[in-house]
Amino acid sequence: MRAVLTWRDKAEHCINDIAFKPDGTQLILAAGSRLLVYDTSDGTLLQPLKGHKDTVYCVAYAKDGKRLLWVSILYNGKRFASGSADKSVIIWTSKLEGILKYTHNDAIQCVSYNPITHQLASCSSSDFGLWSPEQKSVSKHKSSSKIICCSWTNDGQYLALGMFNGIISIRNKNGEEKVKIERPGGSLSPIWSICWNPSSRWESFWMNRENEDAEDVIVNRYIQEIPSTLKSAVYSSQGSEAEEEEPEEEDDSPRDDNLEERNDILAVADWGQKVSFYQLSGKQIGKDRALNFDPCCISYFTKGEYILLGGSDKQVSLFTKDGVRLGTVGEQNSWVWTCQAKPDSNYVVVGCQDGTISFYQLIFSTVHGLYKDRYAYRDSMTDVIVQHLITEQKVRIKCKELVKKIAIYRNRLAIQLPEKILIYELYSEDSSDMHYRVKEKIIKKFECNLLVVCANHIILCQEKRLQCLSFSGVKEREWQMESLIRYIKVIGGPPGREGLLVGLKNGQILKIFVDNLFAIVLLKQATAVRCLDMSASRKKLAVVDENDTCLVYDIDTKELLFQEPNANSVAWNTQCEDMLCFSGGGYLNIKASTFPVHRQKLQGFVVGYNGSKIFCLHVFSISAVEVPQSAPMYQYLDRKLFKEAYQIACLGVTDTDWRELAMEALEGLDFETAKKAFIRVQDLRYLELISSIEERKKRGETNNDLFLADVFSYQGKFHEAAKLYKRSGHENLALEMYTDLCMFEYAKDFLGSGDPKETKMLITKQADWARNIKEPKAAVEMYISAGEHVKAIEICGDHGWVDMLIDIARKLDKAEREPLLLCATYLKKLDSPGYAAETYLKMGDLKALVQLHVETQRWDEAFALGEKHPEFKDDIYVPYAQWLAENDRFEEAQKAFHKAGRQREAVQVLEQLTNNAVAESRFNDAAYYYWMLSMQCLDIAQADPAQKDTMLGKFYHFQRLAELYHGYHAIHRHTDQKAVVDQTGSRPPNSDHDLFLVQVWLWELLWSFFSVQPWSWSSPVVI
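For clarity, every value in this text was computed on a predicted model and none was experimentally measured.

Visitor: How should I be thinking about the sheet that holds strand β8 (residues 88–93) in this particular structure?
Guide: Hydrogen bonds between backbone groups are what pair the strands of a sheet, and the pairing can be parallel or antiparallel. Here four strands make up an open sheet; going across it, the order is β6-β7-β8-β9 and the pairing antiparallel. Strands with a single pairing partner mark the edges of an open sheet, and in this sheet they are β6 (56–61) and β9 (98–103). Between one strand axis and the next, the sheet turns through 20° on average, direction left out of account. Note that strand β7 (residues 79–84) and β8 share five bridges and pair antiparallel. Each bridged residue has a counterpart across the sheet, and for serine 82 the counterpart in β8 is isoleucine 90.

Okay, structure coming up:
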């Protein structure tokens, strides 16, 4: 921490109190009997205000009036109040006009505005008053002792009063005492100054309230936020000076630091030379902190993070919110009676007894250390937070003293405190372990500019000198430099033999090993060194000089490889030898090898570069910026350096970049790199291509044009692929490619007036494609033009296109039997037998024509064809007879079988007819059928001598059966007539005589039948 004096002035009288205008533009001082108004920007005295008749002891400015609607209307702007030894309180406007005045019975010691309601508390030696704009009079309350100081809580609910007798009284807005705190020492320890810690909770509350307009809504929300009413309590404080405690480790990762803040913490400074802290309930927090001087003023700085204390030590000191002294803001020539921080800034004003007004700017330096992905930095001046930049884990180490220096290396962490150096180590070797423990303590005060820690040593940098100390504090060796040391960095090495990279103001760059007394001069340049880094292989050195130029050298040859302007810091990539980044001018610059720089906007300083992450320090925090390495990768691709581009891509690029790298490497025939890149994007299609090419190479293929043609065809660069196929003598592969892709017009252009066979093949494939995409008519035309008539006929037949089938059949030559036969088949199936017959005739296939007539039952055409060609008689009449029999036309069927020469089938039909006639008692029909059977047997006997005897026997047999059934027909008819007579009562003449003659004849016939042939139960004779 460093305090810079911005301006200073001196008044004629002691500065008793100070108040800032809420926007920080004006400063009101209580000096003598006047108020002095200053411009804070340059210390100009704007106007002295006269209104009091005696010394002005106190002044207070009301907070922004816009926070409450009714206050804004009533006040018509901002107000401030002053209290004087003349027992009066004056209310002033922001235009520096006094508008209201009221009095007490004694001198006014302090005034304070309620931050919420703008209620004004004014305190005197014997009482205190509460006044608000809506009140007509001041509400006054007696006090048991002189009130020296007062302060409202952030929510405006309670007022703390600090008294001369060492008592702190906490009152509500009505003036009722709720908590009483008795400090040790009593009247020997007057409470000289108190202040409540600003609460972040109430800042958020105000931000929400400013968006509201209605008062009732505001009040309702406000009541929900404030704590419940305190019960009356009395506390006796017996604090003592805090003892020194060991630094403790605390896991900071799962907790929000803002939640750690405790609301309503009261800081108390008394003339017992102590500072203490209390909760709103009156409970003391921690122990008293000894000051060794009489404090006259206490106030919070930067939203409660720090405390400003001034008094009899003639200086203002900066403390932590817990009371740990951090340093001096400014030394004065007399007692400091008042000090205040400018709202929302890092400026502090100090008022002294001799009338001096000093305006300081506090500058907090960054105390930090970085090693690879671990960053350690100071927080709240007394804590150290170690952050893992990759996992975002954090560990807080509370030192409870001012942290002066931090160094980190591998598993070591060194923290320099005012009187000692603490060495920490990790519990384990796990790279993700974030648990540190104290390894060693060096209890000794050191003054150094830089601190470095190694595995077994710490290095102290003191101007031109480096000292190496063991962890026990023993100095082992020392190096004296020619010039001031500007930069130092550990570059690794075995434990106890680490190397240091040192940059001097005279431009010299050295390498020092901690176990060696002699420094090695790497190179010397003309300008002072500002920043250094060495590449991963330790072959290159990057230097940022005082002219903001980044220079890169080859360490072995000392050659300047290149230089870049506008640099303030530089870092090599720890995973890639040829990549570095540097920052400057609001830009981040990434440079790969000797390629041009790639720039992007970035605020801060580059402090590390690991893979795709660049660690940048901005103000007081470090962040890991994920930077895609696309730009340098493409720079390598432009030069066809595929392996180097792959190394860059491994640091972190997008999937699109990986695919581009894979494609470029594939076209460059670097199959190994392409394979790795395609594995990254999980492209199995291209991996199969690479695998097939590698197999072909193993088999001895060496034609790179052919390999590249395959690559182009996979990429969709078909014309380029065709040219390469042709150049390599594989035109057929180009043609196959075009046809497989259905790019037939390109294929035709590629063929030109080439081989007719290839043209025919091309058209056929085009037709196949048209067929597959449901364009059958186009496919038919293409198949016909290609001479593929069978495929064309199949499509026509499947779609029932009779006209096209007829047209194809008529155009075909009669020698093309297969397509003609297929045409006829489809025509027959499509119920066009006439055209099918025409096709069969064209082919000369009479047998198929006969079969067509039979199948379509066109018997007349079949009979006519049978007359011309008797050899097909059997093929016609047999199906015809079967058809007749199936349609119960048995007599015609029997004749047809007989005509076809199928005597057996003819006899079977007659036997069936006979059996049916007997079963149906149609005996006269049975006699006729047996007669026909006998005549057919006689015909067979005459036609076939071999069967003559058998057929003649059957002839006689069937003749007798015909006679028997004819006679039995007469008997059966007479029987039927008798039944009719019985019903009607009449008979025909001579019927009995005729019946007798028939019976006699039938007996004679039967006797002769059975005498000739033995009885057979299967004979169809029914008596």
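Still more ground to cover, so stick around.
Visitor: Explanation requested: the sheet that holds strand β2 (residues 15–20) in the structure shown.
Guide: The strand order β2-β3-β4-β5 describes an open sheet built from four strands, whose pairing is antiparallel. The open sheet has two free edges, formed respectively by β2 and β5 (44–50), since each of these has just one partner strand. Taken over all neighbouring pairs, the strand axes of this sheet differ in orientation by 25° on average, direction set aside. Pairing geometry for strand β3 (residues 26–31) and strand β4 (residues 34–39), over six bridges, is antiparallel. Residue pairing across strands places glutamine 26 opposite aspartate 39, the latter belonging to β4.

Visitor: I would appreciate a short explanation of the packing of aromatic side chains in the present structure.
Guide: Between two aromatic rings, the relevant description is the distance of the centres plus the angle of the planes. Tallied over the entire structure, the rule returns 21 aromatic pairs. Ring centres of tyrosine 61 and phenylalanine 80 lie 5.0 Å apart, and the angle between their planes is 40°; this geometry places the pair in the tilted category. Highlighted residues: tyrosine 61 in strand β6 and phenylalanine 80 in strand β7, separated in sequence by 19 residues. Pairing tryptophan 192 with tryptophan 271 gives two aromatic rings, centres 3.9 Å apart and planes at 15°, and the pair type is stacked. Here tryptophan 271 lies in the loop between β21 (265–270) and β22 (274–279) and tryptophan 192 lies in strand β18 (residues 191–196), a separation of 79 residues in the sequence. Through a chain of ring-to-ring contacts, the aromatic side chains of Trp7, Phe20, Tyr38, Tyr347 and Phe359 assemble into a single cluster.

Visitor: Looking at this structure, how should I read the nonpolar core?
Guide: Soluble globular proteins tend to pack their nonpolar side chains together in the buried interior. Formed by 52 residues in total, the largest nonpolar core has its most connected members in Ile614, Leu661, Leu666 and Phe678. Discounting residues that sit within four places of it in the chain, leucine 666 has contacts with Phe671, Ala674, Phe678, Tyr686, Leu689, Ile690, Val711 and Gln715. Counting residues in each nonpolar core, the second largest holds 50 residues, with Ile442, Phe446, Phe471 and Val490 among its members.

Visitor: I'm lost on the pairing of β22 in this one. Help?
Guide: Each regular strand carries side chains that alternate between the two faces of the sheet. In the sheet, β21 pairs with β22 via six bridges, with the strands oriented antiparallel. Among the inter-strand pairings, aspartate 270 is bridged to a residue of β22, identified as lysine 274. What sits between β21 and β22 in their antiparallel hairpin is a turn of three residues, with glutamine 273 showing a positive phi close to 60°.

Visitor: Help me understand unusual backbone geometry in this model?
Guide: For residues besides glycine, phi is generally negative; the peptide bonds are generally trans as well. The backbone phi angle of lysine 372 is positive, close to 55°, even though this residue is not glycine. The backbone of leucine 669 shows a phi angle near 60°, a positive value even though the residue is not glycine. The topology assignment puts leucine 669 in the loop between α7 (655–667) and α8 (671–681).

Visitor: What am I meant to see in the pattern of salt bridges here?
Guide: It is possible for side chains bearing opposite charge to pair when their charged atoms get close. The tally for this structure, following the rule as stated, stands at 31 salt bridges. Aspartate 383 is paired through a salt bridge with arginine 396; the nearest N and O atoms lie 2.8 Å apart. You can see aspartate 383 sitting in strand β33 (residues 383–388) and its partner arginine 396 sitting in strand β34 (residues 394–398), a full 13 residues away along the chain. One exposure class covers both aspartate 383 and arginine 396, and it is buried. Taking the shortest distance from any N to any O, the salt bridge between arginine 412 and glutamate 425 comes out at 3.5 Å. In this pair, arginine 412 sits in strand β36 (residues 412–417) while glutamate 425 sits in strand β37 (residues 420–426), placing the two residues 13 residues apart along the sequence. Taken individually, arginine 412 and glutamate 425 each receive the classification buried, so the pair is uniform in this respect. Put simply, Arg412, Glu425, Arg437 and Lys439 are held in one network by salt bridges that share partners.

Visitor: Please explain α7 as it appears in this structure.
Guide: Side chains three or four residues apart in an α-helix point the same way, a direct result of the helix having 3.6 residues per turn. Here α7 contains 13 residues, and its C-alpha end-to-end distance of 18 Å stays within 8% of the 18 Å for a straight helix at 1.5 Å per residue. The set of residues buried in α7 consists of Asp657, Trp658, Leu661, Ala662, Met663, Ala665 and Leu666. Taken together, the buried residues of α7 touch α5 (630–638), α6 (642–649), α8, α9 (684–698) and α10 (704–715). Backbone geometry just downstream of α7 places leucine 669 in the positive-phi region, at approximately 60°.

Here is what the cut-offs are and how they apply
Residues numbered from 1 in each chain as written. Predicted model: local features only at pLDDT ≥ 70, side-chain atom pairs only at ≥ 80, totals over all residues. Heavy atoms only, no water. Pairing = 2+ DSSP bridges. Helix = DSSP H or I, 4+ residues; strand = E, 2+ residues; numbered from the N terminus. Axes fitted to C-alpha atoms, helices over the stretch in contact; angles between N-to-C directions. Phe/Tyr/Trp six-rings, centres within 6.5 Å; stacked < 30°, edge-to-face > 60°. Core = buried A, V, L, I, M, F, W, Y, C linked by side-chain atoms within 4.5 Å. Buried < 20%, exposed > 50% of the residue type's maximum accessible area, 1.4 Å probe, protein only. Contact = heavy atoms within 4.5 Å. Salt bridge = Lys/Arg side-chain N within 4 Å of Asp/Glu carboxyl O. Expected span 1.5 Å × (residues − 1).

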